[in-house]
Structure formats: structure tokens, C-alpha cells
Amino acid sequence: MAPTGNAGRFTPRQMTSGRERLDYNLYIDAARTQIWGDGTGGSSLRTLVPVNHAPTTLEIFGRIPTRQFVPAGIYSNTIVVTLEY
């Protein structure tokens, strides 16, 4: 599975329920302007540098755009997150 998940691209990402698709995205800022990704396809790479080996938190923000006419259901997607230390 790619960091883009089911959609194969960062914008929009898509959750699926059977053959139905629901657009969404993940962001690295609360204003939801910087798409979280690997730095390609309009996405931003997020790098964290812990200080003195202290625990570090990465906040990720999500948004599902309105006016998507899909049936109610359980929608899911899997993305891959790579941590290097």
C-alpha cells in the first residue's frame, strides 16, 4: 500500500466501501492547507527532530469535503507511514 492509499494520489485521498469512494485528505496544519505526504504530487513532507531524545508528537488533521453523494456505510483506507530514526 502506498502513502496515498486507495486513490494512488495525495489529492484527494479516497476511502472505499465496496465500489463506493469517499474523498478526504490528511493535513499537517490545523488550517488544512498543507497536505500530508512524501513531498510529491502537491504534498508536504513532515520532518520532526526530537530534542534530547524526548518524546515527540505529530498532529495530523483530517477533512472530508461536503456534498459527496455516497450511500451510508463503513468507509476505510490504509496508508503507510515511514518512521526513520
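Let me begin by describing the structure that accompanies this report. (Residues numbered from 1 in each chain as written. Predicted model: local features only at pLDDT ≥ 70, side-chain atom pairs only at ≥ 80, totals over all residues. Heavy atoms only, no water.)

**Remarks on the overall build of the chain**
Each helix and strand in the chain was counted, giving zero helices and three strands. Secondary structure elements in the chain, listed N-terminal to C-terminal, are β-β-β. Oriented by its inertia axes, the alpha-carbon framework of the chain measures out at about 50 × 25 × 25 Å. The buried share of the chain, reckoned over its 85 residues, is 24%. Counting only contacts in the chain whose residues sit at least 6 apart along the sequence, the fraction spanning at least 24 positions is 57%. Carbon and sulfur atoms provide 53% of the accessible area of the chain, an area that totals close to 6,300 Å². Of the side chains in the chain, 8 bear a positive and 6 a negative charge, and the two mean positions are spaced by 8 Å. (Helix = DSSP H or I, 4+ residues; strand = E, 2+ residues; numbered from the N terminus. Buried < 20%, exposed > 50% of the residue type's maximum accessible area, 1.4 Å probe, protein only. Contact = heavy atoms within 4.5 Å. Areas by Shrake-Rupley, 256 points an atom, 1.4 Å probe, with all protein chains shown as cover. Lys, Arg positive; Asp, Glu negative; His and termini not counted. Charge placed at Lys NZ, Arg CZ, Asp CG, Glu CD.)

**What about the sheet that holds strand β2 (residues 20–27)?**
By definition, the strands of a sheet pair up through backbone hydrogen bonds, in either a parallel or an antiparallel sense. In spatial order, the strands read β1-β2-β3; together these three strands make up an open sheet with antiparallel pairing. In the strand order of this sheet, the two ends are held by β1 (13–17) and β3 (61–63), each with one partner. Each neighbouring strand pair of the sheet contributes to a mean axis angle of 35 degrees, computed without reference to strand direction. (Pairing = 2+ DSSP bridges. Axes fitted to C-alpha atoms, helices over the stretch in contact; angles between N-to-C directions.)

**Remarks on the environment of Pro50**
Its place among the elements puts Pro50 in the loop between β2 and β3. Residue Pro50 is classed as partly exposed on the basis of its relative accessible area, which comes to 47%. With 35 residues separating them along the chain, Pro50 and Tyr85 place their C-alpha atoms 9.8 Å apart.

**So, unusual backbone geometry**
Note the cis peptide between Thr11 and Pro12, where omega equals -10 degrees. With a phi angle near 60 degrees, His53 is a residue other than glycine that sits in the positive phi range. Tracing the backbone through its elements, the reader meets His53 in the loop between β2 and β3.

**Describing the nonpolar core**
Residues Met15, Leu22, Tyr24, Leu26, Ile28, Trp36 and Tyr75 constitute the largest nonpolar core, which totals seven residues. With three residues, the single largest contributor to this core is β2. Among residues more than four places away in sequence, those in contact with Ile28 are Gln34, Trp36, Ser44, Arg46, Glu59, Ile60 and Phe61. (Core = buried A, V, L, I, M, F, W, Y, C linked by side-chain atoms within 4.5 Å.)

**What about the side chain of Gln14?**
Structurally, Gln14 is set in strand β1. At 3.0 Å, the side chain of Gln14 forms a polar contact with the side chain of Asp23. With sequence-adjacent residues up to four places away left out, Gln14 is seen in contact with Asn6, Ala7, Arg9, Arg21, Leu22, Asp23, Tyr24 and Asn77. (Polar contact = N/O pair within 3.5 Å; in protein donor to acceptor, adjacent residues only side chain to side chain.)

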